[in-house]
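Fold and contact review
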There are 2 protein chains.
Amino acid sequence: MLEVVLGIDIGGTNTVFGLVDREGKIAFSDSIPTVGEKSGEDFFKRLFNEFNEKFENLKDQFALMGIGIGAPNASYYTGTIEEAPNLGWGFVNVIDEIKKYYDVPAVLTNDANAAAIGEMEFGAAKGMKNFIEITLGTGLGSGIIVNGDLLYGHDGFAGEMGHVRIDKNNRICGCGRKGCLETVASATGIKRTVYELLTKMNDDSVLRDMPYNKLTAKNISEAALEGDIVAKEAFEYTGKILGKALSDATAYFSPEAVILFGGLANAGELIFEPVKRHMEKNQLEMFKNKVKVLPSGLPSGDAAILGASALIWHELANK
Amino acid sequence: MLEVVLGIDIGGTNTVFGLVDREGKIAFSDSIPTVGEKSGEDFFKRLFNEFNEKFENLKDQFALMGIGIGAPNASYYTGTIEEAPNLGWGFVNVIDEIKKYYDVPAVLTNDANAAAIGEMEFGAAKGMKNFIEITLGTGLGSGIIVNGDLLYGHDGFAGEMGHVRIDKNNRICGCGRKGCLETVASATGIKRTVYELLTKMNDDSVLRDMPYNKLTAKNISEAALEGDIVAKEAFEYTGKILGKALSDATAYFSPEAVILFGGLANAGELIFEPVKRHMEKNQLEMFKNKVKVLPSGLPSGDAAILGASALIWHELANK
């Protein structure tokens, strides 16, 4: 029997799950819509009914060793999801819910932390013991690996790099404060930057024909690749702010690498080049040309399942 | 025989050393001038000759278990001091030098890291596993404890919080860049702030009679306690910048506490009150009223020896 774990990533819209072996091979995966449930309890009932149906026929091939879950607003220490804005479940003890169905070790963490562990076990950070994983999506998430383990801090919520302050502007952040890094360095941030630049610059731009609510980071990448001056300037500014923030992060952590993951990171050199240039420009002398900036090595479709499963594999290995 | 370690703190002017037991009791201590030596090799020869003379008569009472050293520009990973500006030794392999005299485990780290370990073993952070020690002297040093261990990062030089950027002003820093935290939050920083305020404000101040080169953080504290408006404003500004930086550090590390140590921290509530107030004001909602700001619990005269000895005790315990 092949030893596998169940990796579950709970997103605002869909929840993906899959069986993953020690080498990161996905034996089976599926998804269900997350939404439409009144409570976390109902959600897990539906999730495990769905999974059990599929797993029933596979039980003679696979030994289930554990369950790893990535979710928004998740606490590793308490095993709970607390007031996740896109889930509407209030407070859910995820580990307790799982124990109703399976008597195997189970671990919960937030999505960026799961991505970091996934990167270390199966991706671009194999063999690294000190690095920072940055997820550039709607916001900016970070999972920080120190000495081969996730940095959780005193209460389990360390690694909120999206909310360090940059002071360059005072954009209002989803957290209620102003000037957080993710108001610039994220898919939403670069949209805000484009709109700011459209008011500042007089250059023609295809982006002038797009309403704010329809504009995506992908549109901006495509425009930049076509030579659109406003779009290119938006990537330059995003890279400047993120690169400078990474020089501060280097002073704190002295990481071997920073790994960029998620939607905005898919813009490739458009974002990597200015990020690296500004990080180096701002780096303390002792850290210059030492910290790599790398794209994620996780296949984008399976990254969430791999992250969640890496989390529990890592936990099982360290028991 | 009582088990003891030798703690050595190498400063720009003096080097202090002492025998310390597992409970942090100093059995014996002494100091020599650091300066006047052409090389690190000569220095260690003189240091150990001095120590041996004293230790000769104590050998039947004490068993020497190890040696811990705190020094500027010191690397834990390589055991070397590299180009420390105030020592003028260039590159010295400290561990190799020690091995010439003693066949016991020896560990080297920088002064702020030693202070952090000292705080955890013998001071205000007893029982804590996640906290930040900040030394406010000529510059700002930091030792960051993650999961009960010092954060060294990939190359041993993590924890350079003095050089995260604050962007509020562009004061030139000793590191060659501009706007580093220590250009404001340090004994030197508050002097710079006083001089800036003297040009901005019209209020009378005893500090108007002091030349820059004679002004000390202690003068500024004394003036503030007498109600001097400029001096009070200088503490307010220092607390604002440091407090805000601590809210960023909280987002990264989620520490149980921040411990302030060194010259400027001796100003007590003059500095603690504005630091706490601005840290809380800037804190992410999830971290509000959770992170303690505490004074060091190490006796100021013995802190350096206790830190260096705690370093090796900690290492011996984790072997």
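Before any of the text, the structure's been laid out above.
Everything in this summary refers to the structure shown in the same document. (Residues numbered from 1 in each chain as written. Chains lettered and ligands numbered in written order. Predicted model: local features only at pLDDT ≥ 70, side-chain atom pairs only at ≥ 80, totals over all residues. Heavy atoms only, no water.)

1. Observations regarding the overall build of chain A
This is how the line gets drawn: Every helix listed is a DSSP run of H or I at least four residues long, and every strand listed is a run of E at least two residues long, numbered separately from the N terminus. The size measure is the radius of gyration over C-alpha atoms, and the globule rule it meets is 2.2 Å times the number of residues to the 0.38 power. Each residue is assigned to one of three classes by its accessible area relative to the maximum for its type, calculated with a 1.4 Å probe on protein chains only: buried under 20%, partly exposed between the two thresholds, exposed over 50%.
In terms of helices and strands, chain A carries eight helices and 13 strands. The globule rule puts the C-alpha radius of gyration for 319 residues at 20 Å, and the 20 Å found for chain A is close to it. Taking the principal axes of the C-alpha coordinates as reference, chain A spans close to 65 × 45 × 35 Å. Looking at chain A as a whole, 59% of its 319 residues are labelled buried.

2. Thoughts on the state of the cysteines
As a reminder of what qualifies: Count a disulfide wherever a pair of cysteine sulfur atoms falls within 2.5 Å.
Counted according to the given criterion, the structure contains zero disulfides over all chains. We note that Cys175(A) lacks a disulfide partner, and the nearest cysteine sulfur, in Cys180(A), lies 3.7 Å from it.

3. Quick notes on the interface of chain B and chain A
To keep things clear, this is the line we draw: In what follows, a contact means two residues having at least one pair of non-hydrogen atoms within 4.5 Å. Here the quantity called buried area is the total loss of accessible area, with a 1.4 Å probe, experienced by two parts when brought into contact, counted for both. When a carboxyl oxygen of Asp or Glu is within 4 Å of a side-chain nitrogen of Lys or Arg, the pair counts as a salt bridge. Residues adjacent in sequence count toward polar contacts only when both atoms are side-chain atoms; beyond that, a polar contact is any pair of N or O atoms within 3.5 Å, and within protein one must be able to donate a hydrogen and the other to accept it.
Listed as interface residues are 38 residues of chain B and, on the opposing side, 38 residues of chain A. Buried surface at the junction of chain B and chain A, summed over both partners, amounts to about 3,400 Å²; 56% is from carbon and sulfur atoms. Counting the contacts that link chain B with chain A gives two salt bridges. Across the pair Asp155(B) and Lys290(A) runs a salt bridge whose closest N-O atoms are separated by 3.2 Å. At the junction of chain B with chain A, the criterion picks out 20 residue pairs in polar contact (both at pLDDT 80 or more). Contributions of two or more residues to the side of chain B that touches chain A are made by β10 (140–146) and α6 (229–253) of chain B.

4. So, helix α4 (residues 187–200) of chain B
Residues and elements named next belong to chain B. How we decide: Helices are assigned an expected span. That span is 1.5 Å times one less than the residue count.
Under the 1.5 Å per step criterion, the end-to-end length of α4 is 20 Å for 14 residues, consistent within 8% with the ideal 20 Å. Where α4 is concerned, the buried positions are Ala-187, Gly-189, Ile-190, Lys-191, Thr-193, Val-194, Leu-197 and Leu-198. On the buried face of α4, the contacting elements are α5 (217–225) and α6.

5. Side note on helix α8 (residues 303–317) of chain B
All names here are of chain B. Here α8 spans 20 Å end to end across 15 residues, near enough to the 21 Å set by a 1.5 Å rise per residue. In terms of burial, α8 is a largely internal element, eleven of the 15 residues being buried. All of the buried residues along α8 are Ala-303, Ile-305, Leu-306, Gly-307, Ala-308, Ser-309, Ala-310, Leu-311, Ile-312, Trp-313 and His-314.

6. Quick word on the environment of Lys281(B)
Locating Lys281(B) in the fold gives a position in helix α7 (residues 269–282). Here the alpha-carbon distance between Lys281(B) and Val293(B), two residues twelve residues apart in the chain, equals 14 Å.

7. Section: the pairing of strand β8 (residues 106–109) of chain B
Residue and element names in this part refer to chain B. Definition in use: Two strands are said to pair when DSSP picks up at least two bridges between them.
Residues Ala-106 and Leu-108 point to one face of β8 and Val-107 and Thr-109 to the other, with burial holding for every one of them. Relative to β8, strand β4 (residues 62–70) runs parallel, the two sharing four bridges. Opposite Gly-70, over in β8, you have Thr-109 as the bridge partner.

8. Description of the packing of helix α4 (residues 187–200) of chain A against helix α6 (residues 229–253) of chain A
All names here are of chain A. This is how the line gets drawn: To get an axis, fit a line to the C-alpha atoms, keeping to the stretch in contact for a helix; angles then go from 0 to 180 degrees between the N-to-C directions. These descriptions rest on fixed angle ranges, namely under 35 degrees for roughly parallel, over 145 for roughly antiparallel, 65 to 115 for roughly perpendicular, and the rest for oblique. Crossings are sorted by hand: turned counterclockwise from the far helix by less than a right angle, the near helix makes the crossing left-handed, and turned clockwise it makes it right-handed. When residues are grouped by polarity, Ala, Val, Leu, Ile, Met, Phe, Trp, Tyr, Cys and Pro land in nonpolar, Asp, Glu, Lys and Arg in charged, and all others, Gly among them, in polar.
One way to put it is that α4 packs onto α6 with a least axis distance of 9 Å and a crossing angle of 125 degrees. Regarding the angle of α4 to α6, the classification is oblique. Seen from above, α4 lies across α6 with right-handed handedness. Across from Ile-190, Thr-193, Val-194, Leu-197 and Leu-198 in α4, the residues of α6 making contact are Val-230, Glu-233, Ala-234, Phe-235, Tyr-237 and Thr-238. Considering only residue class, the contact of α4 with α6 consists of eight nonpolar, two polar and one charged.

9. Points about the sheet that holds strand β11 (residues 149–150) of chain B
Sheet strands pair by backbone hydrogen bonding; their relative direction is either parallel or antiparallel. Residues and elements named next belong to chain B. Taken in spatial order, the five strands line up as β11-β10-β9-β12-β13 in an open sheet, and their pairing is mixed. Sheet topology places β11 and β13 (292–295) at the edges, where each strand pairs with a single neighbour. Across the sheet, helix α3 (residues 111–122) is in contact with β9 (131–136), β10, β11 and β12 (257–261); its angle to β10 comes to roughly 50 degrees.

10. Here's the deal with the nonpolar core
Selection criterion: In plain words, nonpolar cores are sets of buried Ala, Val, Leu, Ile, Met, Phe, Trp, Tyr and Cys residues tied together by side-chain atoms within 4.5 Å.
Of all hydrophobic cores here, the largest spans 102 residues; its most connected members are Met161(A), Leu181(A), Phe253(A), Met161(B), Leu181(B) and Phe253(B). Residues in contact with Leu181(A), not counting those within four places in the same chain, are Leu140(A), Met161(A), Gly162(A), Val164(A), Ile166(A), Ile241(A), Leu242(A) and Ala245(A).

11. What about the relation of the copies chain B and chain A?
Where we set the bar: Least squares is used to superpose the copies, and the fit set is the C-alpha atoms of residues whose pLDDT is at least 70 in both copies.
Note on the copies: chain B fits chain A at an RMSD of 0.0 Å, the axial shift is 0.0 Å, and the rotation between them is 180 degrees. Such a turn and shift between the copies fits a two-fold axis. Among all residues of chain B, the one whose C-alpha sits closest to the rotation axis is Asp167(B), at a distance of 3.5 Å.

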